[in-house]
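A look at the structure
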Amino acid sequence: MTYQKTGFTYRVAFDTKENLFIAYNANNEMQFAYGVTIEEAVSALINK
């Protein structure tokens with residue numbers, strides 16, 4: 001499932017090994033960011 005925030009489309013996954021959320025750019029899978037919360041991961045991705 002994809003989400004959109006201010007024109008930015010992303011997907012979110014959870015890494016069960018590291019216990020971190022991963023936000024992926026829906027248009028570029030090579031662009032991603034980790035966070036303890038979904039909000040942190042998305043914010044880190046948008047601010048890259």
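Further up the page is the structure itself.
Reference entry: report on the structure contained in this document. In this text the structure is predicted, and so the values were computed from the model without any measurement.

Relative to the helices and strands, T9 resides in strand β2 (residues 8–15). Side-chain polar atoms of T9 contact the side chain of Q4, separated by 3.3 Å. Apart from the residues within four sequence positions on either side, T9 is in contact with T2, Y3, Q4, Y24, N25 and A26.

Here we take up the sheet that holds strand β4 (residues 28–35). In spatial order, the strands read β1-β2-β3-β4; together these four strands make up an open sheet with antiparallel pairing. What marks the edges here is a single partner per strand, and that holds for β1 (3–5) and β4. Looking at each pair of strands side by side, their axes are set apart by 40 degrees on average, direction ignored. Pairing between strand β3 (residues 20–25) and β4: five bridges, direction antiparallel. Residue pairing for β4: F21 is matched across the bridge by G35. Of the strands in this sheet, β1, β2, β3 and β4 touch helix α1 (residues 38–46), which is tilted by about 135 degrees from β4.

The next point concerns the side chain of N25. Structurally, N25 is set in strand β3. At a separation of 2.8 Å, a polar atom in the side chain of N25 contacts the main-chain amide nitrogen of N27. Reaching out from N25, the side chain makes a polar contact with the side chain of Q31 at a distance of 2.7 Å.

So, on to the environment of K48. Locating K48 in the fold gives a position in the segment after α1. Expressed as a C-alpha distance, the spacing of K48 and T2, which sit 46 residues apart in the sequence, is 19 Å. For K48, the residues in contact, after removing those within four places along its chain, are Q31, F32 and A33.

Rules used in this analysis
- Residues numbered from 1 in each chain as written.
- Predicted model: local features only at pLDDT ≥ 70, side-chain atom pairs only at ≥ 80, totals over all residues.
- Heavy atoms only, no water.
- Helix = DSSP H or I, 4+ residues; strand = E, 2+ residues; numbered from the N terminus.
- Polar contact = N/O pair within 3.5 Å; in protein donor to acceptor, adjacent residues only side chain to side chain.
- Contact = heavy atoms within 4.5 Å.
- Pairing = 2+ DSSP bridges.
- Axes fitted to C-alpha atoms, helices over the stretch in contact; angles between N-to-C directions.

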